[in-house]
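Each chain is listed here by its residues.
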Amino acid sequence: LLIYPLCRPCAAEVGLPLAERYSVKANTWIGIYSFIGNYFCTHYFYSVLRASYSCPSWRLNDVPIPFYFATHFYFMTYHTFANIVQRRLSSGFAP
């Protein structure tokens, strides 16, 4: 999800600088959002649901580090499917 769009950009992104590619922008913002959510909002998760992570791992703010990457990938999946639905709806209702 991170390297493939850089190595094989879609037809619309061929020739664009990296900073102007939609895939790079989306990955960057979702990465920032994932980090903020994992680092700052897990206390809500712990207190409301009385949950805890029990897997052995190195932790950052008591969240296993691999979960930061997993969060990025599933947020990116949500974003991709939301884009597909949004584009289908907007092109379906276009005059």
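Look above for the structure.
Nothing here was measured: the structure is a model prediction, and the numbers come from that model. (Residues numbered from 1 in each chain as written. Predicted model: local features only at pLDDT ≥ 70, side-chain atom pairs only at ≥ 80, totals over all residues. Heavy atoms only, no water.)

1. A closer look at the packing of aromatic side chains
What describes a pair of aromatic rings is the distance from one ring centre to the other and the angle between the planes of the rings.
Phase 1: This model, assessed by the stated rule, comprises eight aromatic pairs.
Phase 2: A centroid spacing of 5.5 Å and a plane angle of 15° characterise the contact between Phe35 and Tyr39, whose relative ring orientation is stacked. Placement of both Phe35 and Tyr39 in helix H2 (residues 22-40) is noted, with a separation of four residues, approximately one turn of the helix.
Phase 3: Residue class for Phe35 comes out partly exposed when judged on its relative accessible area of 37%.
Phase 4: The interplanar angle of 80° and the centroid separation of 4.9 Å between the aromatic rings of Tyr39 and Phe40 together place this pair among those described as edge-to-face.
Phase 5: The structure contains a cluster of three or more aromatic residues connected by ring pairs, namely Tyr33, Tyr74, Phe75 and Tyr78. (Phe/Tyr/Trp six-rings, centres within 6.5 Å; stacked < 30°, edge-to-face > 60°. Helix = DSSP H or I, 4+ residues; strand = E, 2+ residues; numbered from the N terminus. Buried < 20%, exposed > 50% of the residue type's maximum accessible area, 1.4 Å probe, protein only.)

2. Some points on the side chain of Asn27
Phase 1: Note on placement: Asn27 falls in helix H2.
Phase 2: Here the side chain of Asn27 touches His72 through a polar contact of 3.0 Å, side chain to side chain. (Polar contact = N/O pair within 3.5 Å; in protein donor to acceptor, adjacent residues only side chain to side chain.)

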